[in-house]
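Tertiary structure, described
Below are the chains, spelled out letter by letter.
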Amino acid sequence: MPAAKKLSFVSCNLYNINLPGHAIYNDTDGWSQEAYDKKVEWMSAMVRKVKGDVWGFQELWHGQALADVFNQSGLAADYSLLSPPNHQGGMIVCAG
């Protein structure tokens, strides 16, 4: 078996990525669809650009938001996303 390549780790703050229209802290309206789309677009570009082997994410409100990032990036099939099971978006969590 050939030697393994170097393994890269990336840490990324998602800056409170949350599904549109869901409350964030005291903001009961949350992100607009337009703001959410911009966040997903920007984060998708970063995922494509950096291409880390293992990602650590902070400030995730809903796992679906992270799935949207990887789906838009075209790399969803290359990663297994991990977030707390049954998390309903009532607070931020970390994910991988």
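Attention in this report is confined to the structure presented alongside it. Computed from a predicted structure; not experimentally measured. (Residues numbered from 1 in each chain as written. Predicted model: local features only at pLDDT ≥ 70, side-chain atom pairs only at ≥ 80, totals over all residues. Heavy atoms only, no water.)

**Digging into the overall build of the chain**
- Looking only at helices and strands, the chain has two helices and three strands in total.
- The order of helices and strands in the chain, counted from the N terminus, is β-α-β-α-β.
- With respect to the principal axes defined by its C-alpha atoms, the chain has extents near 55 × 25 × 20 Å.
- Here the chain, with 96 residues, has 32% of them falling under the buried criterion.
- As displayed, the chain has an accessible area near 6200 Å², and 56% of this comes from carbon and sulfur atoms.
- Charge-centre separation for the chain: the mean point of 7 positive side chains lies 14 Å from the mean point of 9 negative side chains. (Helix = DSSP H or I, 4+ residues; strand = E, 2+ residues; numbered from the N terminus. Buried < 20%, exposed > 50% of the residue type's maximum accessible area, 1.4 Å probe, protein only. Areas by Shrake-Rupley, 256 points an atom, 1.4 Å probe, with all protein chains shown as cover. Lys, Arg positive; Asp, Glu negative; His and termini not counted. Charge placed at Lys NZ, Arg CZ, Asp CG, Glu CD.)

**Concerning helix α1 (residues 33-50)**
- In a regular helix each residue adds 1.5 Å, so 18 residues correspond to 26 Å; α1 covers 26 Å between its end C-alpha atoms and thus fits that length.
- The complete set of buried residues in α1 reads Tyr-36, Lys-39, Val-40, Met-43, Ser-44 and Val-47. Buried residues of α1, seen end-on, are gathered within an arc of 130 degrees and therefore sit on one face of the element. Of the exposed residues in α1, those oriented more than 90 degrees away from the buried face are Glu-34, Lys-38, Glu-41, Trp-42 and Lys-49.
- In the core, the buried residues of α1 are packed alongside β1 (9-17), β2 (54-60) and α2 (63-73). (Expected span 1.5 Å × (residues − 1). Arc of directions from axis to C-beta. Contact = heavy atoms within 4.5 Å.)

**Quick notes on a nonpolar patch on the surface**
- Taken together, the side chains of Leu-7, Phe-9 and Val-54 make up a nonpolar region of the molecular surface, amounting to roughly 310 Å² of accessible area.
- With respect to the secondary-structure elements, Phe-9 resides in strand β1. (Patch = residues over 30% accessible without salt bridge, like charges linked within 9 Å, V, L, I, M, F, W, Y side chains within 5 Å. Salt bridge = Lys/Arg side-chain N within 4 Å of Asp/Glu carboxyl O.)

**Description of the pattern of salt bridges**
- Under the definition given, this model contains one salt bridge.
- Ionic pairing is found between Lys-38 and Glu-34, a salt bridge with its closest N-O pair at 3.5 Å. Taken together, the residues span about one helical turn, with Lys-38 and Glu-34 both in helix α1 at a distance of four residues. Side by side, Lys-38 and Glu-34 carry an identical accessibility label, which is exposed.

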